[in-house]
Amino acid sequence: MTAAGFALRNVIRNLRAGDLWVLTAAVAVAVAAMTAVGFFTDRVSRAVDIRSAEVLAADLVVNSKRLITPDYQDRARELGLDTASATSFPSVVLAGDSSALADVEAVSAGYPLRGELKTSVSLDDVAGVTTALPAPGEAWADAKLLARLDADVGAEIALGSIRLRVTGVLRYRPDQGWSFVDLAPTLLINEADVPATGLVLPGSRVSYRQLFAGAPDDIVTLRDFVESRLEPGESLRDLGDAGPEIRTALERAHRFLRLAALVGSLLAAVAIAMAARRHASRQVETVALMKCFGARQGFVLRVMMAELAILAACAGLIGVLLGYLSQLGLSALLAELAGADLPTPGWGPVAGGFLMAGLVMAGFALPLLAPLKRVPPLRVLRHDLPGPRPSALFAYGGAGAAIFALLLWQVGDLRLTAWVATGFLVAAGGLMVIGGALVWLATRIRGTAGAPWRYAVASLARRGGESVVQVVAFGLGIMVLLLLTVVRNDLMDEWRATLPERAPNRFLINIQPHEAEAVESFLGERGAETRLVPLVRARLSAIKDRPVAEIDFPTLRGKRLADREGNLSWSSTLQDDNEIVAGRWWDDDPLPGEVSVEADFARDAGIGLGDRLDFNVAGETFSAEVTSLRTVQWDSFKPNFFMLFSPGTLEVYPRTHIGSLFVDDSRDQTVLELVRRFPSVTVIDIEAVIGQVRRVMDQAAIAVQYVFLFAIAAGIVVLLAVVESGRDERLFESALLRAMGAKRRQILASTAIEFGLLGALSGLLAAGGALAAGWLLADRVFRLEFNGSPWLWATGTLAGLIVVGVSGLLATRRVLDQPPMAVLRRF
Amino acid sequence: MDAPTAASVLAARNLTRKVSSPEGTLTILDDIDLDIGRGESVAVIGPSGAGKSTLLALLAGLDSPSEGEVWLDGQALTGLDEDGRAALRAGRVGFVFQSFHLVPSLTALENVMLPLELAGQSEARAAAESVLDRVGLTPRRRHYPRQLSGGERQRVAIARAFVGQPLVLFADEPTGNLDAETGSRVADLLFSLNDESGTTLVLVTHEERLADRCDRALRLRSGRLV
């Protein structure tokens, strides 16, 4: 018989006899954790691929904050290319007594040049492809916008100075992008309606797009033509540029989810190693017997390898199926973030799942089973002969190599892998030390409590190493759950407590200079006083006479902030949420040409006191000298700026005004009136924004918790592995105790105490870890006071006690169901 | 040293086994010469610690001697590595142990099939069923070892030893773990199967009654044949 055939029979017989299930379950959990995330990320990536192909709605797009010169369009027509244009700006839309912020997309005939629009005739209707566009006087609104306005198709809405009839629900447009925080749903209107809205004025936040599509060669010709004539503020995008940011962001999110899943997988790997060790020790006699019957070492090794391969295939299949089912849950939880209609996943994660099963078997189980080939046949006669021990290098080396390979596979970057591996090792080592100390302490307190307690503690102490692994495994799972629920809520509460009672909750933008005074007095008359500040949009062109494009910035953030068109303002007084940290503020004798720079931005962009900065506003250039650096309390929710100028510097340039105010629920009407009276003013509801951000955070947290449930599942498999490995011993002890007169209830109590204690220790470790992590986050990342709830200790301990206590009791119940005589006769 | 005769299925010359211990080198077996013919049944008898099991291990190629030679079916075991000895044993040798040595995860039938499966025989099941029937355990063939009594377990072990129709059967205290009555019935079974198959039997025991049922007995005392 071939080794594979023999192995197959052996596996089937072992499974039927009740062996190998824990090993199979452990591999299945490890695979399920990875494939659940694998399937999900595969689906999201596919969605991105599909959408990025049409994400521009054209082959080439020119973007600009200002009107685009007709030269490009003329040249495109000469080349025989299709063209279309789109204008987008944020605005408040009114319907009856409701208002909502919308991203208005005004498009010309021909839009979209690539991809299709999908609409439906009512909110309840299914989406269909359309080639039409809203006629002048009509609008198609995103379903979310209609929901916020409490309106449906047929409603009349006000946009700036005009009224439009909603004639369709916009379900999809190719260039809608991937706004993870969808602050402003789209309102699609006809470009011809834009002037009448009165919303597009100098200084408004408007962006223009000119779309081109056609033969690739002609597109290249046009691209060269446009590129050589690009004005400051204009940018060019083609398919090659589409979606790199989203891909980077997604890759980060995926990497994080994969690492979270890996924690579960690695915990499951501990169970794999434990189950394999038990299997190996049970196989020693069988292998000795096989050798008596003439089996050679090579045959034994091939049988062991084939057995593991067969098990890996079965467990891989179960894991992949579980992973597929689990990702359905993950996709549903993250529907708002990832989009509701994700494409079906490919076969990649399936292959990955089987590869994973093979890898963990090879890394964690094979080094323990392979040495069986060296079992001496003489063991059939002499039981005192030691079984072969795996060499430490082989056992730990195998596990270490498997962990490193898994990390590299999931992280995909050697340097980062080395860091994460070091982090894993340090964290695991630290947890093991603390867990070990907890177990040691617990076993010191045998005390004078009753026999069940003493017996439970003795049992815990005897299985010292395994007890520590269990405490750490469960502790880690519970810790993450605590961190993401209790501690997160505590942090949110702390943050809220730092906000003033009447912190501004509405932002006003796009206020034209001639309206500023009227808006101020309109609000003042209604008891909602606000100070409007001027805003000029400009681009930083040079620092110390070096053009920005040539500067090698100290940080990426600095480069990004310096590259984009920024908001500038001026003021004679310093706001109370600003503080000068270097230089001096122009108190009474402001001179034109001074600028105060926000300290963090200055550091990131390499700007210092006395530096000369050049700016470009609508084609004109001016300079200013840095005379102070400021810190800004951004979460005061008042308008604040990276760059604040002395009076007399910016007044000559086109500007708008912005402001913020606090509106309580009873004064919501004021905002509606304001928007009616000043249609070009855009009101942004910060509370809605915070709510949206919070929802996103909640969703992400739930997703991470969901992934960490695998860590709990892995903990339970570890528990099963431990129970299984000590089963014979436990069976013998309990039979002996019962033979000596112990009642079933007493043994049950002792077992419950043992696992309860183990669970309580895990919970304690988890609570400590969650509080420490919460404090670190509060102090180092969010700069908040953190007073972790003392209830966390109780919550953690109780959670551990129940989860571990109950599952441990269930797993050992069978031990007590056997009559003592039957057990004792076996030993 | 004389080479074994052609009639010997098992032979040993100058067979010596020494082990090192904290008290110095111990000689477990000292200069053993023996020849066992085809179909013969030979008892190795002696008190505990006389070296009976060590002799059986060396004759079966489970262990290597410190000095001397062993021939099994005319082939010298000395000089063969563990794999070589395993290959020589395959299909030629059967075992019955004092502590049965059944594989706990295999049923009675599967335990009997094991040597045939390892030897790659396709008719393993039919052969195993027939031998199990012969030892009277057909109704118990699907039971696991833990569900069988001691006597039944040893009968399974005997069936497993004979199923491959070995040239030599090594039995190490086959009734040592059984009560007198069960032991006697198991011994009856062992000898009658041995008679039917014409297998050479090497029986290690400390029971004179059992040794008397063999064609001859080799007496060991302190590692030497007496």
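Keep in mind that this is a model prediction, so the values were computed, not measured.

Of regular secondary structure, chain B possesses 7 helices and 10 strands. Since a compact globule built from 226 residues should have a radius of gyration of about 17 Å, the 17 Å found for chain B is in line with a globular shape. Counting every position in chain B, which comprises 226 residues, the buried fraction comes to 49%. The contacts of chain B with a sequence gap of at least 6 include a subset with a gap of at least 24, amounting to 70%.

On to the interface of chain A and chain B, then. Size of an interface, as often reported, equals the accessible area lost when the parts are brought together. Facing the 22 residues of chain A at the interface are 27 residues of chain B. The set of elements that each furnish at least two residues to the side of chain A that touches chain B consists of helix 1 (3–16) and helix 7 (244–292) of chain A. By residue number, the principal contributor to the side of chain A that touches chain B is helix 7 of chain A, which donates 6 residues. Grouping the constituent residues of the side of chain A that touches chain B by class yields 12 nonpolar, 4 polar and 6 charged.

The next point concerns the sheet that holds strand 4 (residues 67–72) of chain B. All names here are of chain B. Pairing is antiparallel in the open sheet, where 4 strands are placed in the order 2-1-4-5. Unpaired on one side and paired on the other, strand 2 (24–37) and strand 5 (75–76) mark the two borders of the sheet. Relative to the sheet, helix 1 (residues 52–59) contacts strand 1 (8–21), strand 2 and strand 4, its axis offset from that of strand 1 by approximately 125°.

Looking now at the environment of Leu220 of chain B. Residue and element names in this part refer to chain B. Topologically, Leu220 is positioned in strand 9 (residues 216–221). Put simply, Leu220 and Val70 are 150 residues apart on the chain and 18 Å apart in space, counted from C-alpha to C-alpha. Every residue in contact with Leu220, bar those within four places of it in the chain, is listed here: Val44, Gly46, Ala50, Gly51, Lys52, Leu55 and Leu225.

Here the bond from Tyr111 of chain A into Pro112 of chain A is cis, since omega is -10°, no more than 30 degrees from zero. Although it is not a glycine, Asn14 of chain B adopts a positive phi angle of roughly 55°. Counting through the fold element by element, Asn14 of chain B comes out in strand 1. A count of 13 C-beta atoms within 10 Å places Asn14 of chain B in the partly exposed class.

Residues and elements named next belong to chain A. By the assigned domains, chain A splits into domain 1 (1–55 + 243–412), domain 2 (60–242) and domain 3 (529–661). Computed over C-alpha atoms, the centres of domain 2 and domain 3 are 32 Å apart. Taken residue by residue, the interface counts 6 residues in domain 2 and 7 residues in domain 3. Here the residues of the side of domain 2 that touches domain 3 sort into 2 nonpolar, 3 polar and 1 charged.

Calculation criteria
Residues numbered from 1 in each chain as written. Chains lettered and ligands numbered in written order. Predicted model: local features only at pLDDT ≥ 70, side-chain atom pairs only at ≥ 80, totals over all residues. Helix = DSSP H or I, 4+ residues; strand = E, 2+ residues; numbered from the N terminus. Rg over C-alpha atoms; globule rule 2.2 N^0.38 Å. Buried ≥ 20, exposed ≤ 12 C-beta atoms within 10 Å, placed from the backbone. Contact = placed C-beta atoms within 7 Å. Nonpolar A, V, L, I, M, F, W, Y, C, P; charged D, E, K, R; others polar. Pairing = 2+ DSSP bridges. Axes fitted to C-alpha atoms, helices over the stretch in contact; angles between N-to-C directions. Domains from an automatic or database assignment.

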